[in-house]
Amino acid sequence: GRPWERCATMNGAWGYNASRENSYRPVKDFVQELVTCVSRDGNFLLNIGPKGDGSVTAGSVTVLRGLASWMATYGDSVHGATASPFATDPTWGRATKKDGKLFAHVFTWPTGGVLQIPAITNTISRVYLMNNPSASLAYTVSGGQISVTVPATATDASDSVV
């Protein structure tokens with residue numbers, strides 16, 4: 001079969017369009033589209049639409065810098081990662097895996113302080129937030145769920161990774 005693929009524009013135009021310069025989508029949208037593609041073993045193609053002189057618009061630069069900033073912390077969860085082990089997407093976001101690690105990409109942070117991840121057959125050595133790897137999170141495994149105690153608020157506005 002053909003790999004899952006998503007093509008996206010930053011502002012609704014496939015080439016430079018001065019009238020669309022104030023219509024850029026938020027960085028969060030692109031982070032979540034990238035993660036969704038990886039979680040489905042797919043490819044993410046992002047068009048930047050430079051001006052006729054080859055320069056990149058300020059809006060494109062903002063989006064690309066935002067993606068680079070997110071990747072600086074969470075890149076290991078997508079670079080070389082493969083599809084989610086789950087048959088369906090979790091209600092809170094997406095999952096990727098790599099080198100014996102499961103990455104829970106939490107788009108919708110749980111309000112009750114507990115993230116419910118479908119159980120996996122691997123032995124869990126520890127659970128932590130990617131942006132704070134030295135601090136382990138408490139968890140229990142019961143009833144087909146891994147219940148992870150998480151901070152009250154999301155650690156990243158685009159995609160917090162556990």
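What you see is a predicted model; the values in this text were computed from it and never measured.

A. Inspection of the side chain of S147 at higher detail. Its location among the elements puts S147 in strand β9 (residues 145–149). A polar contact of 3.0 Å, which involves the side chain of S147, links it to the side chain of Q116. Setting aside residues up to four positions removed in sequence, S147 forms contacts with V114, L115, Q116, A138, Y139 and T140.

B. Inspection of the nonpolar core at higher detail. In this structure, W70, V78 and V161 are the most contacted members of the largest nonpolar core, which totals 16 residues. If you list the elements that add at least two residues to this core, you get α1 (27–39) and α2 (58–74). Take this core: its biggest share by element is five residues, from α1. In this structure V161 touches W70, Y74, S77, F103, A104, H105, Y128, L129 and M130, once residues within four positions along its chain are discounted. V106, L137, V150 and V162 belong to the second-largest nonpolar core, a separate cluster that totals 15 residues.

C. Region of interest: the side chain of S39. Note that S39 resides in helix α1. Apart from the residues within four sequence positions on either side, S39 is in contact with A83, S84, R94, A95 and T96.

D. Geometry of unusual backbone geometry. The backbone of D41 sits at a positive phi, close to 55°, despite the residue not being glycine. Mapped onto the elements of the fold, D41 is located in the loop between α1 and β2 (43–47). Positive phi outside glycine occurs at D99, with the angle close to 50°. Of note, D99 is situated in the loop between β3 (93–98) and β4 (101–106).

E. Seen up close, the pattern of salt bridges. A full pass over the atoms with the stated rule returns five salt bridges. D89 is the partner of R40 in a salt bridge, and the nearest nitrogen-oxygen pair spans 2.6 Å. Of this pair, R40 sits in the loop between α1 and β2 while D89 is found in the loop between α2 and β3, placing the two residues 49 residues apart along the sequence. Judged by relative accessible area, R40 falls into the partly exposed class, the value being 32%. On the basis of relative accessible area, D89 is assigned to the partly exposed category, the value being 33%. Among the ionic pairs, R94 bridges to D89, the shortest N-O distance being 3.5 Å. Note on R94: relative accessible area 17%, which makes it buried. Residues joined in a network through salt bridges with shared partners are R25, D29 and E33.

F. Structural detail: the sheet that holds β4. Spatial strand order, β3-β4-β10: three strands in an open sheet with antiparallel pairing. Looking at the sheet topology across the chains shown, the edges are occupied by β3 and β10 (160–161). Across two bridges, β4 lies against β10 in antiparallel orientation. Paired with H105 across the two strands is V161, which belongs to β10. Strands in contact with α1 are β3 and β4; relative to β3, the strand with the most contacts, it is inclined by about 55°.

Cut-offs and rules
Residue indices follow the written sequence of each chain, beginning from 1 at its first position. Local features in a predicted model are, by the rule used here, given only for residues with pLDDT of at least 70; side-chain atom pairs are given and counted only at 80 or more, and totals for whole chains, interfaces and linings are based on all residues. Side-chain numbers come from the whole structure's heavy atoms, not from hydrogens or water. Segments assigned H or I by DSSP are reported as helices when at least four residues long, segments assigned E as strands when at least two residues long, and all are numbered from the N terminus. Throughout this description, a polar contact denotes any pair of N or O atoms lying within 3.5 Å of each other; where both atoms belong to protein, one of them has to be capable of donating a hydrogen while the other can accept it, and for residues adjacent in sequence the pair is counted only when both atoms sit in side chains. Contacts: residue pairs with any heavy atoms within 4.5 Å of one another. What makes a nonpolar core is a set of buried Ala, Val, Leu, Ile, Met, Phe, Trp, Tyr and Cys residues whose side-chain atoms join them at distances within 4.5 Å. Note on exposure labels: buried denotes an accessible area under 20% of the residue type's maximum, exposed denotes more than 50%, and partly exposed covers the range between, all computed with a 1.4 Å probe on protein chains only. Here a salt bridge means any side-chain nitrogen of Lys or Arg lying within 4 Å of a carboxyl oxygen belonging to Asp or Glu. At least two DSSP bridges between two strands are required for those strands to pair. Axis definition: a line fit to C-alpha positions, over the contact stretch in the case of helices; interaxial angles, taken between N-to-C directions, run 0 to 180 degrees.

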